[in-house]
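In case you want the letters, here they are:
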Amino acid sequence: MSQAKSVEEVLAPLIEQVTTLSEEGRKQRRPHKASKLVQIIEKATGSLLAVGEAIASENPDFQGELLSACEEVRKAGDAMRKAAGEFSRGVAFQPEKRSSMSAAGKDLLLAVGRLLAEADAVDVAKLLSISYRVEAKLRGLVDARDEEELMVKLKDCAPDIATITQMATLRQNDIRSEASQQMLAAAQTELNQVSKMLISSSKVFLHHPEVESARTNRDFVVGKMLEALKMISVLSEGKDSEEFESELTVAEVGGIASAFAQFETTLEQCLRTSKPRHQTRNTTATNCNMTTAAAAALEANDDDTATTTTTTTTETAAVALEAEANLQAGMDRILEAAKQLTDLTSTRDYRQHGIITSCGRLKLSLQELVEAFGAVPSNPTEEEEKGGQLATATHEVKEKADALKKELLWAVIDHVSDAFLDTGAPVNALLEAASLGQGDGDLLGESEKGFTEHAQRMEQAARLASSLSQDANGIRMVKIATNYVHCLRPQVVSAAMTLSARPDSQAAQKNTEVFREAWRTNTSLLCDTIDSIVPLQDFLQVTADHIREDSRSFLQAVEECKSATMVQWMEAILQRSGRLCQVVQCEVIGDEELSPDAKRPVEVVLERFNTKVLPWFQDVTLHAADMLHTTQDSSSVNMQVIEEAAQKVYSTCMHACMCMCVPCST
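It should be emphasised that the depicted structure is a prediction, and the values quoted were computed from it without experimental measurement. (Residues numbered from 1 in each chain as written. Predicted model: local features only at pLDDT ≥ 70, side-chain atom pairs only at ≥ 80, totals over all residues. Heavy atoms only, no water.)

Caption draft 1: Local environment of the overall build of the protein chain. The helix and strand tally for the protein chain stands at 22 helices and zero strands. Expressed as a percentage of its 666 residues, the buried residues of the protein chain come to 47%. Sequence separation of 24 or more characterises 79% of the internal contacts of the protein chain that already satisfy a separation of 6 or more. Taken as a whole, the protein chain presents about 32900 Å² of accessible surface, with 52% of it coming from carbon and sulfur. (Helix = DSSP H or I, 4+ residues; strand = E, 2+ residues; numbered from the N terminus. Buried < 20%, exposed > 50% of the residue type's maximum accessible area, 1.4 Å probe, protein only. Contact = heavy atoms within 4.5 Å. Areas by Shrake-Rupley, 256 points an atom, 1.4 Å probe, with all protein chains shown as cover.)

Set out below in structure tokens:
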């Protein structure tokens, strides 16, 4: 079956008209609308034939199949018109004519479907042909002997890459599977991005073939382009994307979220199975329209039967044991995930304390619930009391589970916020150290270590955010973006190593700039995809709390006359504030459904924040830092003005959050 939505879009109205025409034939009267419907079908079929014949003339290799399909549509259309005409001219209801018309309509739809499928196959074949041609040209690039030959081959390859990107974009709109759409979009993005690195990496290898890192860059770029082409080809043919999704899986996603969901499901199931027996029987009696006397007799019979009582006690114990086992297993998954998060050295101390405290409260509530499950009532009154106790205990467990989930979410947002605080600094430090050459190997090694650790923190933040999200499509995009960063990281290091080995080479310098820009683009993409799966209100609330924490550390540095530390905290505050403004702007200003009047208050707050509050805070801080650096005396700065500037940043941040209806702590 065709994977293209365009086939369905063309067939749908035609199916509707043919179906309507057939329905007209079911009526016990002369179908007055039949003639008009036939005209509509004729017009649609004629337009389709014109397009099909045009495609056939433009594609000689597929002309035979296309013209054959067109002829089949023409014959089916003629048969449909003839059958419908005979039916519409009838003076009475004639089942045989209606049946003939319906059969002709089905034949027409089948013929049209075949023509559309043939046309769709032509598009796919053309795309595959260009893809194979680009693949061959890319493999030929490695044989270029000098820069002139390289540029000729690159110039020959560029138009085909542009064409296949354009065709893939059109194909993306035709694919029904949303997962395949996202994968195809990712392949296009990768093809475009890597194409920019193809020229620089190929040139630097030609200039410095003796440097192994130069070859590494070139081979990586060619390999990624071939992978992207393969993905575009496979997905355009309508094949499944599972092959590529398995390659993009960097960690188990949705683990914590699924653990909580399963725990809640188990909780509800246990509550249903522990429903009081007399309540269940009364409900059954009512549903079966039993009389009150009959229901009472049933209850009396149960009370008088010792065997039934013994059985009930046994069943209650069994239910309690099963409930305890299932709930304990679910809680163990949650506690294990919580432990992994608290064990991370980058998790804040107060978050660790909050998670541990919430885990203890959840375990205590669950223990009380299990005890309530195990209680064996001896009469209907105690059974009612048990039902109330179970409801209360279940509510407590749900509350404690939600509280723990919130603590885990805030801890994850801490990691996301910290990891993406300044994505440009580590790569800049690495490439700056590389530009000094191999004279200072220690500096280059430290810079490489810092860059690698920062990249790993971003990947870790992506995994953590995915583990708490149930947005399947959003998680898939995070996985794709994380894979970009994961694959690009060692290539940025290789580009730096090449520059370090040949610091005076213009080709090496240009190559590092290209990889620096690619790194910035992909880390920004990863940040955006993570933001899409993190709850907005929680993100803004945590960011506001971070700004308050940083402000306290900032003021402490002023009091201790640590000018350099003071500037570092200022930069952190500015970066967090910038992130907050960016998220609010994307959410509100970019929302087309909001009216200008609704957007205006947010616009005013953001404008004042960016043009007045933050610049003033920065000026005050830098002036104070200069004074402290010179005098080493905190009395030389106006502490009141500094505190006022820091407080203004936080209060404006809270104002922006309140515009988004976000409750910030005070």
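Picking up where we left off.
Caption draft 2: Expanded view of the state of the cysteines. Across all of its chains, the model carries zero disulfides by this definition. Here Cys 586 is not cross-linked by a disulfide; its sulfur's nearest cysteine counterpart is in Cys 527, at 10.0 Å. (Disulfide = S-S within 2.5 Å.)

Caption draft 3: Quick look at unusual backbone geometry. Backbone geometry places Cys 561, a non-glycine residue, at a positive phi of 60 degrees. In this structure, Cys 561 sits in the loop between α19 (536-559) and α20 (563-589). The phi angle at Gln 632 is positive, at roughly 55 degrees, despite the residue not being glycine. Locating Gln 632 in the fold gives a position in the loop between α21 (596-631) and α22 (639-659).

Caption draft 4: The packing of aromatic side chains, seen in detail. Overall, the coordinates contain two aromatic pairs when judged by the stated rule. Here the aromatic rings of Phe 451 and Trp 519 are separated by 4.8 Å at their centres, their planes lie at 55 degrees, and the arrangement is tilted. In this pair, Phe 451 sits in helix α16 (residues 441-467) while Trp 519 sits in helix α18 (residues 506-533), placing the two residues 68 residues apart along the sequence. In this structure, Phe 451 and Trp 519 share a single accessibility class: buried. Positioned over the ring face of Phe 205 is Arg 218, at 4.2 Å from the centre of the ring. (Phe/Tyr/Trp six-rings, centres within 6.5 Å; stacked < 30°, edge-to-face > 60°. Lys NZ or Arg CZ within 6 Å of the ring centre and 35° of its normal.)

Caption draft 5: Looking closely at the pattern of salt bridges. Taken as a whole and judged by the stated rule, the model has 29 salt bridges. Across the pair Arg 133 and Asp 160 runs a salt bridge, and its minimum N-O distance is 3.1 Å. One end of the pair, Arg 133, is in helix α4 (residues 95-141); the other, Asp 160, is in helix α5 (residues 147-174), with 27 residues separating them in the sequence. Judged by relative accessible area, which is 35%, Arg 133 ranks as partly exposed. The shortest N-O distance in the salt bridge between Asp 414 and Arg 348 comes to 3.9 Å. (Salt bridge = Lys/Arg side-chain N within 4 Å of Asp/Glu carboxyl O.)

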